[in-house]
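Residue-level listing of the chains:
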Amino acid sequence: LPSMQTSGTKPCPCPSFKLREVASMYFTMIAVFLVILVVALQGSVPRGSDFPYKVPLDPQGLLELSWNVSYPEQAVHFQLLVRDLQFGLLFGMSDRGEFENADLAVLWSDGHNSYFGDAWSDAEGQLHMDSQQDYQLLGARRAPEGLYLLFRRAFSTCDPKDYLIEDGTVHLIYGILENPVRSLQAINISGIHRGLQRVQLLKPNITVPELPSDMKTMEITAPNIVIPSQETTYWCYMAELPDGFPKHHIIMYEPVITAGNEALVHHMEVFQCAAEFDSFPHYNGPCDSKMKPDRLNYCRHVLAAWAMGAQAFYYPEEAGLAFGGVGSSRYLRLEIHYHNPLVFKGRRDSSGIRLYYTATLRRYDAGIMELGLVYTPVMAIPPGEDAFVLTGYCTDKCTQLALPAAGIRIFASQLHTHLAGRKVVTVLSRDGREQQVVNADGHYSPHFQEIRMLKEVVAVFPGDELITTCTYNTEDRSRATVGGFGILEEMCVNYVHYYPQMQLELCKSAVDPGYLHRYFNLVNRFNDEEVCTCPQVSVPQQFSSVPWNTFNRDVLRSLYGFAPISVHCNKSSAVRFP
């Protein structure tokens with residue numbers, strides 16, 4: 001636009017906000033309308049290889065998103081396949097999958113013309129055209145399977161209305177317009193078919209290692225089960241390795257998804273059982289069933305984990321994950337999370353994970369180490385908190401004792417909390433100074449957990465510290481949430497995958513219990529209501545009797561920040577290093 005000038009005033013070098021908004025909207029609509037009109041007639045489909053990552057957005061598979069990441073350009077290129085386009089759609093990102101305060105790309109039709117624009121929603125969910133158009137439409141192509149929309153978005157746009165795309169989980173949202181709308185502002189987001197999908201958008205740019213010629217595969221899959229007609233199911237299936245199966249290295253794994261069920265299989269894990277038991281019962285059924293044998297709870301050593309949108313997982317060429325052989329259980333447990341919000345009935349499934357393994361052992365065995373907080377009720381979160389922080393330490397004294405002189409190399413990480421977890425980060429500290437972030441997820445969801453390959457290998461040496469911090473939200477709870485194994489209790493864990501394997505399997509901390517006892521005594525002295533601090537009363541019971549006023553919250557927060565800690569520096573046998 002040319003600079004504006006009115007009599008008696010200085011020239012204005014840029015248009016006013018409203019004019020910029022209108023101009024941006026006008027030119028976007030005109031350009032895009034022409035693109036859709038011209039390109040929609042072309043039958044060519046973009047090559048799938050250009051977009052290596054793919055995920056269904058909705059349970060019916062009407063919307064399929066593919067993307068690639070350009071780190072030199074600091075941008076993501078999206079390809080959205082719309083199988084049954086009606087009068088438009090919304091696609092975008094928000095903090096936790098809400099449609100309020102969301103950053104959106106919108107395609108809509110008034111019944112005559114089609115329009116595309118970068119928009120945002122306010123706290124009430126009302127849509128507004130963005131004055132800065134950062135979703136750049138690159139093309140629209142009609143194909144037999146539907147309409148392909150190609151667009152680009154920079155990681156960071158410096159627009160306060162835009163979502164900052166960063167490492168970790170991204171909550172993608174979508175909405176389908178089933179009726180024509182006269183304008184963007186006329187779209188009522190509460191009245192449309194909508195949903196969310198979680199992905200890791202910024203995939204690491206990793207070179208695929210060369211695979212050995214003697215590589216074999218093994219599929220651990222569900223045996224043609226009927227997916228229950230309910231929204232959420234965790235299905236457990238027991239498998240076993242052949243008799244006398246010698247030691248091998250797992251060097252890669254990938255998902256095996258039954259065709260047609262891509263939108264239902266949410267995530268999957270393969271666990272190896274504890275070697276101390278000679279046998280495990282066969283089981284094929286829901287993980288929460290009363291019929292599930294208790295012994296299956298001893299199958300907790302993760303061999304592989306996949307979540308929707310993840311690709312194949314590769315081990316570094318110098319390491320592999322050992323399974324089979326002496327001291328290794330033959331028994332494996334497959335766990336599949338089915339997400340079936342449309343409650344499909346009678347859908348059969350044989351999904352699972354394909355392991356790639358070799359008898360030619362690599363130089364190093366890979367290991368898995370637990371960082372974070374000990375599973376103990378002494379670490380608790382008061383009710384009604386929007387962002388309560390707890391931190392677990394793998395201390396310099398522990399790494400000094402347990403790590404080899406040459407250190408270890410962390411190449412992958414799986415973050416874990418229960419339902420109240422909102423953020424998780426692990427940092428490496430050396431000589432009291434933060435060196436680098438090992439893994440961070442500022443939009444963490446307990447419903448989306450996967451083993452993520454790190455962008456770069458992290459070297460950890462004796463005397464280093466690994467500090468894991470979790471942020472929790474308990475605004476929907478009326479009682480304190482304590483640490484523990486139950487789903488309504490909490491955890492703060494980072495399972496780091498590293499090599500070479502060492503004896504240290506768990507390096508975590510919790511507040512010193514004696515100092516927590518002093519806290520309860522203090523609460524008792526300064527509150528009218530009596531808090532039972534009798535030794536025979538459990539810590540969860542003591543927490544449940546605390547009146548959660550501002551003083552008691554602040555003192556607990558300070559206690560966790562400054563009180564001495566109890567460190568667990570454990571070998572795989574659960575024996576502590578001295």
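For the structure itself, look to the data block above.
Everything numeric in this text was worked out from a predicted model, so none of it was measured.

Asker: Mind laying out the overall build of the protein chain, listing which residues take part and the relevant values?
Answerer: Helices and strands together make up the secondary structure of the protein chain, namely 5 helices and 36 strands. Taken over 578 residues, the protein chain has a buried fraction of 54%. Across the protein chain, contacts joining residues at least 24 apart in sequence account for 76% of those joining residues at least 6 apart. Accessible surface, the protein chain: about 26,500 Å² in total, of which carbon and sulfur atoms supply 51%.

Asker: Which residues make up the packing of aromatic side chains, and what values go with them?
Answerer: Under the definition given, this model contains 24 aromatic pairs. Judged by centre distance (6.1 Å) and plane angle (70°), the ring pair of Tyr 135 and Phe 151 falls under edge-to-face. Of this pair, Tyr 135 sits in the loop between strand E7 (127-129) and strand E8 (136-143) while Phe 151 sits in strand E9 (residues 146-154), and the two are 16 residues apart along the sequence. By relative accessible area, which is 1% here, Phe 151 ends up buried. Consider the rings of Tyr 375 and Phe 485, whose centres lie 4.8 Å apart with planes at 55°: the pair is tilted. Of this pair, Tyr 375 sits in the loop between strand E25 (367-373) and strand E26 (380-381) while Phe 485 sits in the loop between strand E33 (481-482) and strand E34 (493-499), placing them 110 residues apart in sequence. Taken together, Tyr 253, Phe 313, Tyr 315, Tyr 364, Phe 411 and Tyr 499 form an aromatic cluster joined through their ring pairs. Over the ring of Phe 577 we find Lys 571; its NZ or CZ atom is 5.1 Å from the centre of that ring.

Asker: If you had to explain the sheet that holds strand E29 (residues 421-430) to someone new, which residues and values would you point to?
Answerer: Taken together, 4 strands build an open sheet; the order of strands is E27-E32-E29-E30 and the sheet is antiparallel. Since the sheet does not close on itself, it has two edges, and those belong to strand E27 (388-394) and strand E30 (433-441), each with one partner. Taking each pair of neighbouring strands and ignoring which way they run, the sheet shows an average axis angle of 20°.

Asker: For the state of the cysteines, give the residues involved together with the corresponding values.
Answerer: Counted under the stated rule, the structure contains 5 disulfides. The side chain of Cys 236 participates in a disulfide bridge whose partner is Cys 287; the two sulfur atoms lie 2.1 Å from each other. A torsion of 110° about the S-S bond marks the disulfide between Cys 236 and Cys 287 as right-handed. One end of the pair, Cys 236, is in strand E14 (residues 232-240); the other, Cys 287, is in the loop between strand E17 (284-286) and strand E18 (301-307), and 51 residues separate them in sequence. Residue Cys 236 shares its accessibility class with Cys 287, and that shared class is buried. Here Cys 394 is linked by a disulfide to Cys 507, with a sulfur-sulfur distance of 2.0 Å.

Asker: Before we move on, can you summarise the packing of helix H3 (residues 513-526) against helix H5 (residues 550-562) with the specific residues and values?
Answerer: One can describe the packing of H3 onto H5 by two numbers: an axis separation of 11 Å at closest approach and a directional angle of 160°. As the angle between them shows, H3 and H5 are arranged roughly antiparallel. Our pair here, H3 against H5, has a crossing hand that is right-handed. Seen from H3, the contacting residues are Tyr 515, Leu 516, Tyr 519, Leu 522, Val 523 and Phe 526; seen from H5, they are Phe 551, Asn 552, Val 555, Leu 556 and Leu 559. Residue composition of the contact of H3 with H5, by class: 10 nonpolar, 1 polar and no charged.

Asker: Break down the sheet that holds E14 for me, citing the residues and quoting the values.
Answerer: Pairing in this open sheet of 5 strands is antiparallel, and the strands run E17-E14-E21-E16-E18 from one edge to the other. With partners counted over all chains shown, the strands left at the sheet margins are E17 and E18, one partner each. On average, each strand axis in the sheet is tilted by 15° relative to the strand beside it, whichever way the strands run. Sheet topology places strand E16 (residues 265-272) next to E18; 6 bridges connect them, and they run antiparallel. Across the sheet, residue Gln 272 finds its bridge partner in E18, namely His 301.

Definitions and limits used
Residues numbered from 1 in each chain as written. Predicted model: local features only at pLDDT ≥ 70, side-chain atom pairs only at ≥ 80, totals over all residues. Heavy atoms only, no water. Helix = DSSP H or I, 4+ residues; strand = E, 2+ residues; numbered from the N terminus. Buried < 20%, exposed > 50% of the residue type's maximum accessible area, 1.4 Å probe, protein only. Contact = heavy atoms within 4.5 Å. Areas by Shrake-Rupley, 256 points an atom, 1.4 Å probe, with all protein chains shown as cover. Phe/Tyr/Trp six-rings, centres within 6.5 Å; stacked < 30°, edge-to-face > 60°. Lys NZ or Arg CZ within 6 Å of the ring centre and 35° of its normal. Pairing = 2+ DSSP bridges. Axes fitted to C-alpha atoms, helices over the stretch in contact; angles between N-to-C directions. Disulfide = S-S within 2.5 Å. Parallel < 35°, antiparallel > 145°, perpendicular 65-115°, else oblique. Left-handed = near helix turned anticlockwise from the far one by under 90°. Nonpolar A, V, L, I, M, F, W, Y, C, P; charged D, E, K, R; others polar.

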